[in-house]
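# Structural overview
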Amino acid sequence: MATLHLCDYGSGNVHNVERALARVGANVIRCTTPEELAGAKAVVIPGVGAFGECIASLRAKGFEQPIQDLAASGVWVLGICVGMQILAKHSEEFGTHQGLGIIPGAVRLIPGETPSGEKLKRPHIGWSPLYSDTRDWSGTPLAALEKESPVYFVHSYHFEPDDPNDVLAYARYGGRPIVAAVSRARVFGVQFHPEKSSYAGLSILKSFVQQVEADAA
């Protein structure tokens with residue numbers, strides 16, 4: 001059974017994420033202090049709300065440097081919703097806020113109108129299918145999914161990596177692409193909520209847990 005260290009820094013849907021991970025076979029250690037991350041083989045970073053508040057809380061709890069060090073050492077990392085966004089170098093939400101800088105890029109506002117000029121509501125709330133025109137999902141936590149599998153979103157901003165190759169999947173909102181998942185080496189992030197995305201979400205979490213487990217074998 002793979003052991004995942006879940007960061008509880010006061011800004012995430014921790015209970016539901018913990019329950020979903022346990023449901024797919026993970027041994028979850030909820031960490032409220034950075035010292036509890038010692039020896040971690042996989043780290044999960046949830047997050048809901050505004051980027052600035054989340055990263056400020058993460059820093060105040062002392063998690064920033066340990067997470068950066070673990071990611072640099074090759075530990076598996078999963079960021080969920082704003083937990084994915086804080087992997088970026090910075091965010092433009094309500095000013096400029098520095099992120100963890102694990103995957104270079106910026107968090108920016110999602111499109112506000114369709115290609116024909118019709119206004120789009122923000123936040124984007126609801127189910128949207130995942131797709132990729134360039135990235136192969138094999139060997140990633142999306143490997144077990146069929147293309148166009150729907151997942152559940154609640155967000156107004158998305159993470160745009162500097163390197164397009166770091167984008168693992170997109171979704172469409174009003175006919176425009178939004179970044180739905182990023183991946184670089186063992187760092188993986190999803191803008192949607194896998195813990196609220198029914199079978200598809202559990203499949204993604206299960207694949208991540210299986211990758212961690214296989215790596216530890």
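Further up the page is the structure itself.
In short, a report on the structure.

Considered for burial, the residues of helix H2 (residues 51-60) that qualify are Phe51, Gly52, Cys54, Ile55, Ser57 and Leu58. At its buried positions, H2 is contacted by strand E3 (42-45), helix H3 (64-72), helix H4 (82-85), strand E5 (90-91), strand E6 (97-98) and strand E7 (105-109). Within two residues after H2, Gly62 carries a phi angle of roughly 85°, on the positive side.

Here we come to the pairing of E3. In E3, alternate side chains face the same way, and those of Ala42 and Val44 on one face and Val43 and Ile45 on the other are all buried. Here strand E1 (residues 3-7) pairs with E3 via two bridges, running parallel. Bridge assignment links His5 to a residue of E3, and that residue is Val43. In this structure, E3 lies alongside strand E4 (residues 76-80), joined through four bridges in parallel fashion. The residue bridging Ala42 from the neighbouring strand is Trp76, located in E4.

Let us look at the sheet that holds E3. Taken in spatial order, the nine strands of this open sheet run E2-E1-E3-E4-E13-E12-E11-E8-E9, and their pairing is mixed. Pairing within the sheet leaves two strands with one partner each, and these edge strands are strand E2 (27-31) and strand E9 (150-155). Each strand of the sheet is rotated relative to its neighbour by a mean of 30°, with strand direction disregarded. As paired elements, strand E8 (residues 124-131) and strand E11 (residues 167-173) share two bridges and run antiparallel to each other.

Thresholds applied
Residues numbered from 1 in each chain as written. Predicted model: local features only at pLDDT ≥ 70, side-chain atom pairs only at ≥ 80, totals over all residues. Heavy atoms only, no water. Buried < 20%, exposed > 50% of the residue type's maximum accessible area, 1.4 Å probe, protein only. Helix = DSSP H or I, 4+ residues; strand = E, 2+ residues; numbered from the N terminus. Contact = heavy atoms within 4.5 Å. Pairing = 2+ DSSP bridges. Axes fitted to C-alpha atoms, helices over the stretch in contact; angles between N-to-C directions.

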